[in-house]
Amino acid sequence: MENPRAWLLVNETAKAMFGRMEKERPSLVFPPLNHFSIRAGDVVEITGPSPSAKSEILLQAAIHCILPWEWNGICFRGLEMVVAYIDLDCRFDVLRLAQVLKLRIMSAYGSTHGTCRDSDKVSPRNSFMDSQADHLDHELFLSCMKRFLYIRCYNSSEFLAALKTVHHGSTSSREGLGVSLYVLIIDSIGAFHWNHRACQPLTKDGNTWEKLSLEKLTENVVQEIKNIQDVQPLIVLASKATIFGSATPTIHAHRGHSEGLKNKNKDVGNNFSYREYMSPLWQSLVTKKAFVGISDVVSSDGRNGEFPTYVCEWIKPHEDHLYKFVVRNNGICMVS
Amino acid sequence: MSLPHSLEEELPTVNDSFLRFGASHGILSAEKALVHVPSVIDASTKDEADLGVSPKGASRTLSNFESKCLRWMNGVELLDDALRNKRFLPTGCEGIDTLLGGGLREGQLTEIVGPSSSGKTQFCLYVASNVAVKLCGSIVFLDTSNSFSPTRIASIVNQICGPAVKEGQERRIKNIMSSIHCQSVFDIFSLQDALHELDNTLNMQTIREGTKICMLVVDSVSSLITPILGSKSSQGRSLMVSVGYLMKQLADEWNLSVLVTNHMVSGGGTSKPALGESWKCIPHVRLQLSRCPGSSICNVSVLKHTSMACNRSVDFEIPN
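Quick caveat, the model's predicted, so the values are computed rather than measured.

**Q** Hey, could you go over the overall build of chain A for me, with residue numbers and the actual values?
**A** Scanning chain A from N- to C-terminus turns up 12 helices and 11 strands. Long-range contacts, defined here as pairs at least 24 residues apart, represent 72% of the contacts in chain A between residues at least 6 apart. Working note: accessible area of chain A is about 15,500 Å², and carbon and sulfur atoms make up 54% of it.

Right, dumping it as structure tokens:
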């Protein structure tokens, strides 16, 4: 900065600032969590029993992030940023990512003239033949896949090491790809809970040999995430499996006032009680929180058979509304 | 991809001064360095003497971690690995193969749940025979309840291959039997041992060429885990989760398809798979078998899958 004073004195209109924020810290919009905007600095926790499409939601977010806003005049509305996916459950299926990404690209090509907002700008040159489209698809597909970084962790030490190297990785990706890390995905944050619950520290003294305790682990994880957030704008998405099943209702004070809702949706209501097991330290880091579950309702689209319906509810910020969605081949669709 | 245990052995660029700095703060292993180094450095920046030494060593340790132990892969590499190394192993039951898009995936852990006598063991034996017959590779069968039956394997093999002259049949059975390795395990610790041993064997296998081990069957895993759960203490669950991770690690690193079986327990009128909520996070694919008593038709439904909608089901028959 040559002249700090000049930099300080610049006045910016609200509109200019809004535009700048949109550009620097775009919001992540993906179903079913599209009701509140998720921006840099947010730590979003997605809680739910297994299976409740948690990993699928994370996949949606990743795809939204790695797709470009537009490509050859075709609008994808993505962010074109790097995603780092830390897989603690070791269950990520790259074929599913490839499938959804390809279908998204294909459908955007298919509906270029219909739904794209910038369709006016699409020049005739871009309305190419199929073979050409295939070729371009592949190029786009590869460039998207390169923005997806993945690591698998089999224990908590590897997890900590991975968090420490995220920043290194993102710097090198910025040099290679020209874009920086924007979304960090952790699936699922509670994976090593039992391993650490069982081993309590042998002594209280920090300098003697001890196994990594649960508190110490969470403390370190939270610290590492804060460290990364200090250096660059970042959205953290973490899924959390409910490992205790239904618990006593006394723990769920926050659900007390939505009794009516629960009765209305008896088929899903019993999925909604769970016991919190992550330490308060992590809880205080989380800025937004959603609960997902599976309902007994089965929806059918006539062609591809039946799909189970999932439900999603915001817990923080609290909202008394159940969003219903189904998982189809090409990703998550909301149902009203 | 495992972390080095001792700093100086695995990380040659860590110099003496960093080691001394670490030792003075009780940091002797790489694992410990991960947890403590940043906070120690923060604390000791006030300490002028350490200032010159610590951050340098720490950042060097970090870049070493990155290059040696941790491999961030991008989507292209990941997809390439999946397409090249992770095959679908055909189960031999047509309905199930269609349902799963080709069979059991290598690199994944598939769990079969079902009530007693729903055909879980039969399914395991059938898949193992089929994989051996189709020459996909060798199979390791960990048997926890003495349910492995060579005669049953032989009869399944004869069914799959069709009739042959007696001599040819015997040779064929011999060949196939030699690619199915069965081992009895009766508690969770011997299971852990067996898995570690398998890891070593697979390590050796990369050196000398032979038939590749492509499948691991544990029938049934729940009979080993159930006895250690129960109590209030979390030791049992910790063991369960670590065995699960061990199997997933084997599956991914050595491209094995892992097949485990689990029984059902009834509670509150409905029956559900044993081992509870924590175990649910372990398998990639969960299939539920059911069979009407007396009938030879089994029904299999997908309870959980990494890339397909659940709750689809199909009927199949394992011939006698």
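**Q** Which residues make up the overall build of chain B, and what are the values?
**A** Tallying secondary structure elements over chain B gives 14 helices and 13 strands in all. The buried share of chain B, taken over its 320 residues, is 52%. The contacts of chain B with a sequence gap of at least 6 include a subset with a gap of at least 24, amounting to 67%.

**Q** For the environment of Met21 of chain A, give the residues involved together with the corresponding values.
**A** Residue and element names in this part refer to chain A. Along the chain, the position of Met21 falls in helix 2 (residues 14-24). Here Met21 falls in the partly exposed class, since its relative accessible area comes to 30%. Spatially, the C-alpha atom of Met21 lies 9.9 Å from that of Arg39, the residues being 18 residues apart in sequence.

**Q** Could you give an account of a nonpolar patch on the surface, naming the residues involved and the relevant values?
**A** All names here are of chain A. A cluster of nonpolar residues, Trp7, Leu8 and Leu9, forms a patch on the protein surface that exposes about 420 Å² of accessible area. Assignment of secondary structure puts Trp7 in helix 1 (residues 4-9). For Trp7, a relative accessible area of 57% gives the class exposed.

**Q** How would you explain the sheet that holds strand 7 (residues 213-219) of chain B if you had to name every residue and give the values?
**A** Residues and elements named next belong to chain B. With respect to topology, eight strands assemble into an open sheet ordered 6-5-7-8-4-11-12-13, the strand pairing being mixed. Strand pairing shows two members of the sheet lacking a second neighbour, strand 6 (180-184) and strand 13 (313-317), which therefore form its edges. The average undirected angle you get between the axes of adjacent strands in this sheet is 20 degrees. As paired elements, strand 12 (residues 297-304) and strand 13 share five bridges and run antiparallel to each other. Looking at strand 13, one finds that Ser301 is bridged to Ser313.

**Q** Could you give an account of helix 4 (residues 94-110) of chain A, naming the residues involved and the relevant values?
**A** Residue and element names in this part refer to chain A. Look at helix 4: 24 Å from first C-alpha to last across 17 residues, which is about the 24 Å you get at 1.5 Å a residue. If you check which residues of helix 4 are buried, you get Val94, Arg96, Leu97, Ala98, Val100, Leu101, Ile105, Ala108 and Tyr109. For helix 4, the N-terminal capping position is held by Asp93, with its side-chain oxygen 3.2 Å away from the main-chain nitrogen of Leu95.

**Q** Can you lay out the pairing of strand 10 (residues 323-328) of chain A for me, pointing to particular residues and giving the numbers?
**A** Residue and element names in this part refer to chain A. Here strand 9 (residues 306-316) runs beside strand 10; their pairing, made up of four bridges, is antiparallel. Bridge pairing in strand 10 links Val311 to Lys324. Bridge count for strand 10 against strand 11 (residues 331-335) is five bridges, and the pairing is antiparallel. Bridge pairing in strand 11 links Val327 to Ile332.

**Q** Kindly report on the nonpolar core, identifying the contributing residues and their values.
**A** By size, the foremost hydrophobic cluster in this structure holds 97 residues, and its most contacted members are Leu28, Leu33, Phe148 and Leu237 of chain A together with Phe123 and Met215 of chain B. Here the element with the most residues in this core is helix 8 (residues 120-133) of chain B; it accounts for nine residues. Core analysis: the second largest hydrophobic core is formed by 72 residues, Leu181 and Leu234 of chain A together with Ile188 and Leu198 of chain B among them.

The rules we used
- Residues numbered from 1 in each chain as written.
- Chains lettered and ligands numbered in written order.
- Predicted model: local features only at pLDDT ≥ 70, side-chain atom pairs only at ≥ 80, totals over all residues.
- Heavy atoms only, no water.
- Helix = DSSP H or I, 4+ residues; strand = E, 2+ residues; numbered from the N terminus.
- Contact = heavy atoms within 4.5 Å.
- Areas by Shrake-Rupley, 256 points an atom, 1.4 Å probe, with all protein chains shown as cover.
- Buried < 20%, exposed > 50% of the residue type's maximum accessible area, 1.4 Å probe, protein only.
- Patch = residues over 30% accessible without salt bridge, like charges linked within 9 Å, V, L, I, M, F, W, Y side chains within 5 Å.
- Salt bridge = Lys/Arg side-chain N within 4 Å of Asp/Glu carboxyl O.
- Pairing = 2+ DSSP bridges.
- Axes fitted to C-alpha atoms, helices over the stretch in contact; angles between N-to-C directions.
- Expected span 1.5 Å × (residues − 1).
- Polar contact = N/O pair within 3.5 Å; in protein donor to acceptor, adjacent residues only side chain to side chain.
- Core = buried A, V, L, I, M, F, W, Y, C linked by side-chain atoms within 4.5 Å.

By themselves, these are just geometric observations and shouldn't be taken as functional.
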